[in-house]
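# Tertiary structure, described
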Amino acid sequence: MARLSLRQLLKRFSLLFCLMLSLKAMAYIIVTPQTVRFNGAGDVKQVRVSHSGGWNFGLPVEEWIFCSQDANVLSIECYKNFDDTTRTAHLTLSSGTSTTVITIVQEPYRPPLASTAETEEEQSKTKHNREFEVGGAKFTMIYVEGGRFTMGATYSMSSDAFETESPAHTVELSDFYLAECEVTQALWVAVMGSNPSIMKGDNLPVDNISWFDCWEFIRKLNRLTGEQFLLPTEAQWEYAARGGKNRSTSVFPGGSHPSQVAWTFGNAAGKLHRVKTLKPNLLGFYDMSGNVWEWCNDYFDWYPSKMQINPTGPESGSYRVMRGGAADELERRCRVTCRSGAQPGNKTSHLGLRLAMKCDK
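So, here is what we can say about the structure in this document.

About the thresholds
Residues numbered from 1 in each chain as written. Predicted model: local features only at pLDDT ≥ 70, side-chain atom pairs only at ≥ 80, totals over all residues. Heavy atoms only, no water. Phe/Tyr/Trp six-rings, centres within 6.5 Å; stacked < 30°, edge-to-face > 60°. Helix = DSSP H or I, 4+ residues; strand = E, 2+ residues; numbered from the N terminus. Buried < 20%, exposed > 50% of the residue type's maximum accessible area, 1.4 Å probe, protein only. Lys NZ or Arg CZ within 6 Å of the ring centre and 35° of its normal. Contact = heavy atoms within 4.5 Å. Polar contact = N/O pair within 3.5 Å; in protein donor to acceptor, adjacent residues only side chain to side chain. Pairing = 2+ DSSP bridges. Axes fitted to C-alpha atoms, helices over the stretch in contact; angles between N-to-C directions. Core = buried A, V, L, I, M, F, W, Y, C linked by side-chain atoms within 4.5 Å. Parallel < 35°, antiparallel > 145°, perpendicular 65-115°, else oblique. Left-handed = near helix turned anticlockwise from the far one by under 90°. Nonpolar A, V, L, I, M, F, W, Y, C, P; charged D, E, K, R; others polar.

### Focus: the packing of aromatic side chains
Counted according to the given criterion, the structure contains nine aromatic pairs. Ring centres of Phe-132 and Phe-229 lie 5.3 Å apart, and the angle between their planes is 70°; this geometry places the pair in the edge-to-face category. On the criterion of sequence distance, the pair formed by Phe-132 in strand β9 (residues 130-134) and Phe-229 in strand β14 (residues 229-230) is long-range, its members being 97 residues apart. There is no split in this pair, since Phe-132 and Phe-229 are both buried. Ring centres 4.6 Å apart and planes at 5° place the aromatic pair Trp-188 and Phe-217 in the stacked group. With Trp-188 in helix α3 (residues 185-192) and Phe-217 in helix α4 (residues 211-225), this residue pair connects regions lying 29 residues apart in the sequence. Residue class for Trp-188 comes out buried when judged on its relative accessible area of 4%. A relative accessible area of 0% places Phe-217 in the buried class. Positioned over the ring face of Phe-38 is Lys-45, at 5.2 Å from the centre of the ring.

See below:
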């Protein structure tokens, strides 16, 4: 076998190096269309992707967008836009060293006008909120249509987010009911016969109750009504606070101005306030920020990174989740993604609950 001279080896190495550079230069990625436009109601649209071999996309920086890829197709879903202005986002795709950017544009949502007959027909097909009365205390359970959303510290939370709010991850939920407001002292007394609250008032949220107290109350309420009330999961709480399928991007449930939707350290003067006195969110829920922290059923722990379907939280732990902040908390602690935890036996003057209820198909 002939041996190659040093000059021949260098020449072959040079040719190989040039070939590698040529292959690298041939990397490409092309998308059609380059700009994707959505109406305000939201929809799913597909983008065709031509590439030199393998491709991926960066995470959207806006929580109103959900993307998935399959072979040579990128699916982009935009949620309903309740903002007053057109919103825009950019998504980067790459294949090897080649990149391209897709622009996503969505107009504001404008509800279509419907005739009375059409409205009545549509209402007859949908589930309705449910009204209850126990011992003279009335309360409403709001029907929440299930769906998919991004849970945790999304882009709009900026630097205010705490570490325990990450990672943001996709969650899919089935339909459920959630109480219009926090459990009042009047309802608690009607079920339990006594009032544990430190700050008294029939229409104030009940406070100074442990997670165990909540479940004792729920068991008695279920016996009285024959229903299946329970504590909400943390995912149900955040989904409802964000507006469910409406998917508000507001920092607080119901808006970006905390004084309009939440009793916090800034406006509560250190006291609890009557439920339903501030603005509700898009689904009609009151006081999901501030007034009292609300117990959830989950154990408190770090979030998973993978997509979850009807998550119920970790299997074990020492703390249970609390959500919503309270009248003695700074606004940062009352954001829609802020979470905290406490031992299930803990009781404080700013800790209460909101009821959830199973939804039969």
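Once you've had a look at it, read on.
### Digging into the environment of Asn-281
Summarising the element assignment, Asn-281 is placed in the loop between β15 (262-263) and β16 (289-290). Residues Asn-281 and Ser-250 lie 31 residues apart in sequence; the distance between their C-alpha atoms is 9.8 Å. Setting aside chain neighbours within four positions, we find Asn-281 in contact with Ala-240, Ala-241, Gly-243, Pro-253 and Gly-254. From its side chain, Asn-281 meets the backbone oxygen of Ala-241 in a polar contact 3.2 Å long.

### Structural notes on the sheet that holds β9
Read from one edge to the other, the open sheet built from five strands follows the order β9-β10-β13-β22-β14, with strand pairing classed as antiparallel. Each edge of the open sheet carries a strand with a single partner, namely β9 and β14. Where strand β13 (residues 176-179) meets strand β22 (residues 356-357), two bridges bridge the pair, whose relative direction is antiparallel. Of the residues in β22, the one forming a bridge with Tyr-177 is Met-357. Sheet strands in contact with α3 are β9 and β10 (137-144), and its direction is about 105° off that of β10.

### Considering the nonpolar core
Core analysis: the biggest nonpolar cluster contains 32 residues, and Phe-139, Met-141, Leu-187, Phe-217, Phe-229, Leu-353 and Leu-355 have the highest contact counts within it. When residues of this core are traced back to their parent elements, those giving at least two are β9, β10, β13, α3, α4 and β17 (293-299). With residues up to four places along the chain from it excluded, the contact list for Leu-353 reads Glu-182, Val-183, Trp-188, Val-206, Ile-209, Cys-214, Phe-217, Leu-231, Trp-293, Glu-294 and Trp-295. By size, the runner-up hydrophobic cluster in this structure holds 26 residues, among which are Ile-142, Val-144, Ala-262 and Ala-356.

### Some words on the pairing of strand β19 (residues 320-323)
Burial along β19 is two-sided: the residues Arg-320 and Met-322 and Val-321 and Arg-323 are all buried. As paired strands, β17 and β19 are joined by three bridges and run antiparallel to one another. Residue pairing in the sheet places Tyr-299 in a bridge with Arg-320 of β19. Judged from the four bridges that link them, β19 and strand β20 (residues 339-342) form a sheet pairing that is antiparallel. Each bridged residue has a counterpart across the sheet, and for Arg-323 the counterpart in β20 is Arg-339.

### With respect to the packing of α3 against α4
Geometry of a packed helix pair, given as the angle between the helix axes and the separation of the axes. Here α3 crosses α4 at 70°, and the two axes come no closer than 9 Å. As far as their axial angle goes, α4 and α3 are roughly perpendicular. The handedness of the crossing between α3 and α4 is left-handed. For the pair formed by α3 and α4, the contact residues are Leu-187, Trp-188, Val-191 and Met-192 on the first element and Asp-213, Cys-214, Glu-216, Phe-217, Lys-220, Leu-221 and Leu-224 on the second. Of the residues contributing to the contact of α3 with α4, the split by class is eight nonpolar, no polar and three charged.

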